[in-house]
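Structural overview for review
One letter stands for each residue in the lines below.
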Amino acid sequence: MKRVIVVLSLAFALLGANQASAQKFFTREGKISFFSETPVENIEAHNQKATSVLETSTGQMEFAVLVKGFQFEKALMQEHFNENYLESTKFPKAIFKGTIQEIAKVDFEKDGTYPVVVKGDMTIHGVTKPVTANGQITVKNGAISANSTFNLAPEDFDIKIPAVVRDNIAKSVKVVVKADFQPYTSSGSSKDRAVGDRPIFLFLKTLPHEKPYTIAPVFALANCPFSGPGRRSPFAPG
Amino acid sequence: MLWQIAPLAAQEDDLLSLLDEETELEETEYVTASFKTNRVINLHSLESTAAGVFDFKISHRFGFLNGGLYELFGLDNASMRLGGDFGITDRLTVGVGRSTFEKTYDGFLKYKFLRQSKGKVNMPLTAAFLSTAAIKSIKWPNPDRENYFSSRMYYTFQLILGRKFSERLTLQVSPTLVHRNLVTTKLEENDVFAAAFAGRIKISSRLAINAEYIYVLPDQLAPGFKNSLSIGFDIETGGHVFQLHFTNSTAMVEHGFIPQTIGDWLDGGVHFGFNVSRVFTVVRPKFE
């Protein structure tokens, strides 16, 4: 019984802490899609792994997405997108940093849909341009989600399109963004806390990232189920 | 409790810095586009055909350049292969083809079991296993003799190990075994071991130089057979890849260009040739 009380009080304490600091919201599963429509062909691509952070007190908002994570209908299109147009090895991420205008008008405590205007800087292909977009913030049972649709011109971001395929790619590409946020808690008290918030990952963060290539993971993985005495690799002869 | 303090201090200026590093740790980024297509020139490259994609291949080798003006430097003759590759998954490719070389039908299975990547999984190289079978359907030169069907069969097993060292440079090495049920003379081995080396240097986003060299281990072939050496360009235009090259090999199937190359580079025994690859997306991936 004593233990139950301790657990409960701990849970309440954490819950309380959670609400008090719940001004930052984040997601790692934001959805970003884009659509290029021309009489010749329609192209669309989807990315389900956008990272976004929203600071509800100031209206600051950031999105980041790995360019390589966009999935196309055609594998070759995807390759061309990465290799020839976005040069994703050179410029791996697309980033938006902006502010929701008149954030005070959005009541994050009350259910509803709030139209908003977001202004900020979009960085794609290493080029940063100011962008203004209309969107909506939806609050439902305390959960916050955001969506927006806006247009971008590949030309503005110095994305070169050769004359042969000029008619295949729209001058103005429609971008659709959707994000369901969850509270960001640095202590990781939230039940839905992300894997990356676990102490082990935060510890790993302190280690140097530029690890030399190593084959160790495969062998470690392969060894795992067989790790008897001597940790014999299954690839070893005999 | 230290881990609680560190991110708190960081979150003041840059919101995303909270998530940035974690994301990098969680994602595995696979290296793509090591070669323009799944062949280097004659050899299989480490690339697979993407899942649901059909890759139609037309390959030509004209006659030897040393045929001179009379043969229009080889253009009067052509050896060809028509084929199609299909990606069952992103790792497993199957393909079939028909060559004029000895009227050969061939088929292959190629499975990529390691993928070069960085991030959560750091894999230094890509590794694939290729297994091919070919049937020579040309009429026996000596029909009076007892000829077995199995004598028409050829098999090749190849391990393809490669790495994209940079955006420009990819190298691969392929230990290879070619098995021939029937050989012409006692001087020749039924099992031929070879090491194939290949690479590409990307010049621009649409142009690359490829080269390959196949070293057949000594004392396995009759005199007169040469190692295969090929050099060429990959030119990419939208849905097509054009590969233009010079090679001393006539055949475009493994048991042909590995142990049966007769052209001599020093003597002008070189073919001009091309491969055209055209991809069609047959099965489209589903989106939510």
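Nothing here was measured: the structure is a model prediction, and the numbers come from that model.

1. Brief notes about the overall build of chain B
- When helices and strands are counted, chain B shows three helices and 14 strands.
- Judged by the C-alpha coordinates and their principal axes, chain B covers about 85 × 40 × 40 Å.
- Once local pairs closer than 6 in sequence are excluded, the contacts in chain B between residues at least 24 apart make up 57%.

2. Here we look at unusual backbone geometry
- Unlike most non-glycine residues, Glu87 of chain A shows phi in positive territory, near 45°.
- As for its placement among the helices and strands, Glu87 of chain A is situated in the loop between helix 2 (75–85) and strand 5 (93–100).
- In this structure Glu87 of chain A comes out as partly exposed when scored by C-beta crowding, with 18 C-beta atoms within 10 Å.
- In this structure, Glu102 of chain B is a non-glycine residue whose phi angle is positive, near 55°.
- Positionally, Glu102 of chain B belongs in the loop between strand 4 (92–99) and strand 5 (104–114).

3. Here's the deal with the sheet that holds strand 4 of chain B
- If you trace the 12 strands once around the closed barrel, you get 2-3-4-5-7-8-9-10-11-12-13-14 (chain B), paired in antiparallel fashion. Recorded for the sheet is a direction-independent mean angle of 20° between the axes of neighbouring strands.

4. With respect to the environment of Val131 of chain A
- Relative to the helices and strands, Val131 of chain A is located in strand 7 (residues 127–140).
- What Val131 of chain A contacts, discounting residues up to four positions off in sequence, is Gly120, Met122 and Phe150 of chain A.

5. Thoughts on the nonpolar core
- Counting residues in hydrophobic clusters, the biggest one holds 32 residues, and the most contacted among them are Phe25, Ala50, Val65, Phe81 and Phe181 of chain A.
- Counting only elements with at least two residues in this core, the list comes to strand 1 (24–37), strand 2 (42–55), strand 3 (60–66), helix 2, strand 5, strand 6 (112–124), strand 8 (143–152) and strand 9 (173–183) of chain A.
- The contact partners of Phe81 of chain A, leaving out residues within four places of it in the chain, are Phe70, Phe72 and Leu86 of chain A.
- With 25 residues, the next largest nonpolar core counts Leu130, Val192, Met252 and Phe257 of chain B among its residues.

6. Some points on the confidence of the model for chain A
Residues and elements named next belong to chain A.
- Confidence in the prediction for chain A averages 78 pLDDT; 68% of positions are at 70 or higher.
- Under a pLDDT of 50 for its full length, residues 13–22 has, in the predicted model, eight contacts with residues more than four places off or in other chains.
- pLDDT under 50 marks residues 210–233. Its contacts with residues more than four places away, or in other chains, come to 14 contacts.

7. As for the pairing of strand 5 of chain A
Residue and element names in this part refer to chain A.
- What you see with strand 5 is a clean split: Ala94, Phe96, Gly98 and Ile100 sit on the buried side and Lys93, Ile95, Lys97 and Thr99 on the side with no burial.
- Note: strand 3 against strand 5, seven bridges, orientation antiparallel. Residue pairing across strands places Phe63 opposite Phe96, the latter belonging to strand 5.
- Sheet topology places strand 5 next to strand 6; six bridges connect them, and they run antiparallel. The residue bridging Phe96 from the neighbouring strand is Met122, located in strand 6.

8. Points about the environment of Arg163 of chain B
All names here are of chain B.
- Within the secondary structure layout, Arg163 lies in strand 8 (residues 153–164).
- Judged by C-beta crowding, with 20 C-beta atoms within 10 Å, Arg163 ranks as buried.
- Sequence-wise, Arg163 and Ser34 are 129 residues apart; in three dimensions their C-alpha atoms are separated by 7.7 Å.
- What Arg163 contacts, discounting residues up to four positions off in sequence, is Gln116, Pro124, Leu125, Thr126 and Leu171.

9. A short note on the pairing of strand 7 (residues 126–136) of chain B
All names here are of chain B.
- Every second residue of strand 7 is oriented toward a common face, the buried set being Thr126, Ala128, Leu130, Thr132, Ala134 and Lys136 and the non-buried set Ala127, Phe129, Ser131, Ala133 and Ile135.
- Pairing geometry for strand 7 and strand 8, over 10 bridges, is antiparallel. For Phe129, the partnering residue across the bridge sits in strand 8 and is Leu159.

10. Considering helix 2 of chain A
- Taken residue by residue, helix 2 of chain A has Ala75, Met77, His80, Phe81 and Tyr85 of chain A as its buried positions.
- Of the surrounding elements, those touching the buried residues of helix 2 of chain A are strand 2 and strand 4 (71–72) of chain A together with strand 2 (53–64) of chain B.
- Positive phi shows up at Glu87 of chain A, right after helix 2 of chain A, with a value of about 45°.

11. Considerations on the environment of Glu109 of chain A
Residue and element names in this part refer to chain A.
- Position of Glu109 relative to the elements: it lies in the loop between strand 5 and strand 6.
- You can call Glu109 exposed: it has 7 C-beta atoms within 10 Å.
- Spatially, the C-alpha atom of Glu109 lies 9.5 Å from that of Ala143, the residues being 34 residues apart in sequence.

12. Some words on the confidence of the model for chain B
All names here are of chain B.
- Chain-level pLDDT for chain B is 90 on average; 90% of the residues reach the 70-or-more range.
- Here residues 1–12 is modelled with pLDDT under 50, and outside its nearest four sequence neighbours on either side it reaches 13 contacts, counting other chains as well.
- For this predicted complex, the interface confidence reaches an ipTM of 0.76, while the overall pTM sits at 0.76.

Cut-offs and rules
- Residues numbered from 1 in each chain as written.
- Chains lettered and ligands numbered in written order.
- Predicted model: local features only at pLDDT ≥ 70, side-chain atom pairs only at ≥ 80, totals over all residues.
- Helix = DSSP H or I, 4+ residues; strand = E, 2+ residues; numbered from the N terminus.
- Contact = placed C-beta atoms within 7 Å.
- Buried ≥ 20, exposed ≤ 12 C-beta atoms within 10 Å, placed from the backbone.
- Pairing = 2+ DSSP bridges.
- Axes fitted to C-alpha atoms, helices over the stretch in contact; angles between N-to-C directions.
- Core = buried A, V, L, I, M, F, W, Y, C linked by C-beta atoms within 7 Å.
- pLDDT = per-residue confidence, 0-100.

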